[in-house]
Amino acid sequence: MSEAPAPAQGTVSGFADGLGAFEYRNGRTEVTERNGLPCFTNEFWTSGQRKASRLHEVSYRACFKPQLPAFFIERLTRPGDAVYDPFMGRGTTPLQAALTGRRPVGCDINPLSAMLLAPRLAPPLLEEIAARLVEIPLSAPLPEEPLLGDLRVFFHDSVLARLAALRARFIERDRAGALDSVDEWLRMVCLNRLTGHSPGFFSVYTMPPNQAVAAGRQRLINAKRGQAPPPRDVDALILRKSRSLLSTGGPPPHPPALLGTAPAENAAFVADGSVDLTVTSPPFLDVVDYRTDNWLRCWFAGIDREAVPIAAHRTPEAWRAFVHASLRDIARTLRPGGFLAFEVGEVRGGKVLLEDHVVAAAGGLPLAVEGVMVNRQSFTKTANCWGVANNRKGTNTNRIVLMRKTHRPEPALH
Ligand SMILES: C[S@@+](CC[C@H](N)C(=O)[O-])C[C@H]1O[C@@H](n2cnc3c(N)ncnc32)[C@H](O)[C@@H]1O
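As a starting point, this report considers the structure included with it. (Residues numbered from 1 in each chain as written. Predicted model: local features only at pLDDT ≥ 70, side-chain atom pairs only at ≥ 80, totals over all residues. Heavy atoms only, no water.)

A word on the site of the ligand
The cut-off we apply is this: What makes a residue near a molecule or strand is one non-hydrogen atom of that residue sitting within 4 Å of it. Polar contacts, as counted here, are pairs of nitrogen or oxygen atoms within 3.5 Å of one another; within protein the pair requires one atom able to donate a hydrogen and one able to accept it, and residues that are adjacent in sequence qualify only if both atoms are side-chain atoms. Exposure was quantified through the Shrake-Rupley algorithm and a 1.4 Å probe, taking into account, for residues, occlusion by the shown protein chains and nothing else. Here the term charged refers only to Asp, Glu, Lys and Arg, the term nonpolar to Ala, Val, Leu, Ile, Met, Phe, Trp, Tyr, Cys and Pro, and the term polar to all other amino acids, Gly among them.
Surrounding the ligand, one finds 24 residues, the nearest of these being Tyr60, Arg90, Thr92, Asp108 and Ala264. Ala264 places a polar main-chain atom, nitrogen or oxygen, 2.8 Å from a nitrogen atom of the ligand. For the ligand, whose unbound accessible area comes to 610 Å², protein coverage reaches 99%. Counted by class, the shell around the ligand contains 17 nonpolar, four polar and three charged residues.

Take a look at the structure:
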């Protein structure tokens, strides 16, 4: 696909035609028209269809399933091509790119994202991980009040002492530029195991890790359940999660990763025309409060979350302006003919169809909108990270605007 020419304005590429002919167990794709654009609806991918690598199994709010980027990577790129996500979150797109021999390129405004992804692109051996845990002092002094009071709502003092020792090592080594791949792996696993709803996490029972809660809310949960944080064997839990993540193996040889912490509107570290395919999903209006969600992870990683200007737009108009700025930079990084799959969801009970705003936001940019794909899927646990389970806030379908880089700006469609 890499050598396919950019389509003339207004034409539908072979890929979009292929979507129309796509068949899966629910049958042929339904092709309708909306605002002059083809809309392709089918169950294009499911989690059951093919098992994804276990390396993906790091929770993150509003993450998408690996099958989503895999669908586009397999069809639109070849090994060695560069695959980019400017809003990478836990890094599902760049990790899937690496797992299929492509060049992973990723950006997020939150430094947490690169911390979660980088170690999984070149994982250490289990023996190295175990040996490093033995080297790190068992405990360090507990943090001071008032933070200590909030942390004690989640963690037993013995757990906190171990976490303090691990945290101190990672922060000190990071500042000294001396963090190696084993430390990075340990930090990633700790970030992943901090809080959750089973004894596999360091905390007392709380919300699943992709729905981390504030200390005040956790106090209420503890009171209601009559619970207090139990002691946990932090090192054993780290090893158990490492073993599970590594159980399907690491990525094959692939071109070196390019990861950065920057706003998607200006990811200057990604060169002009260097990307073959972008698969991404921006924050949807103000549906997910990433800042509140990630407070404990930011504490552990030594990130000042107040200093991270995460996007949260209250009105569709403000969101559209943000998407336009992001699309402009994505178009800059794409090579002519390169594809963009821009995933959005249904928000506000389906009253706001974000794909319409995305199509409008692409106006005046060198991006031809080829159509909208709707993946109608049977829901699984991962889908709950979209807020599907309660269906109050969030999304209940994957809706993807498919675009292709052209040589000149395209007129606005609507
Ligand atoms: C819907 S999530 C992406 C999840 C990702 N697809 C995954 O599978 O993990 C949106 C991400 O956008 C990030 N973000 C918010 N504002 C941003 C901005 N202006 N530039 C880059 N990233 C931003 C958030 O930190 C969050 O990680």
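Structure's up, so let's keep going.
Remarks on the pairing of strand S9 (residues 334-344)
To be explicit about the condition: Burial classes: relative accessible area under 20% of the type maximum marks a residue as buried, over 50% as exposed, and values in between as partly exposed (1.4 Å probe, protein chains only). Only DSSP runs of H or I reaching four residues or more are called helices, and only runs of E reaching two or more are called strands; each is numbered from the N terminus. The pairing criterion for strands is at least two bridges between them, as found by DSSP.
By the criterion of burial, S9 is predominantly enclosed, with 10 of the 11 residues buried. One ladder, built from five bridges, connects strand S8 (residues 275-280) with S9; its direction is parallel. Bridge pairing in S9 places Leu277 opposite Phe339. Summarising the sheet, S9 and strand S13 (residues 398-405) pair through six bridges and their orientation is antiparallel. Residue pairing in the sheet places Phe342 in a bridge with Val401 of S13.

Structural notes on the pattern of salt bridges
Selection rule: Each reported salt bridge corresponds to a side-chain nitrogen of Lys or Arg within 4 Å of a carboxyl oxygen of Asp or Glu.
Under the counting rule described, the total for this entry stands at 14 salt bridges. Between Asp174 and Arg187 there is a salt bridge, with its nearest N and O atoms 3.0 Å apart. Of this pair, Asp174 sits in helix H7 (residues 157-175) while Arg187 is found in helix H8 (residues 181-193), placing the two residues 13 residues apart along the sequence. The class of Arg187 is buried, set by a relative accessible area of 6%. Of the charged contacts, one joins Glu355 and Arg399 as a salt bridge, the two residues approaching to 2.7 Å between their closest N and O atoms. Highlighted residues: Glu355 in helix H14 (residues 354-361) and Arg399 in strand S13, separated in sequence by 44 residues. Across the pair, Arg399 and Glu355 agree in class, each one buried.

Nothing here speaks to function; it is all geometry.
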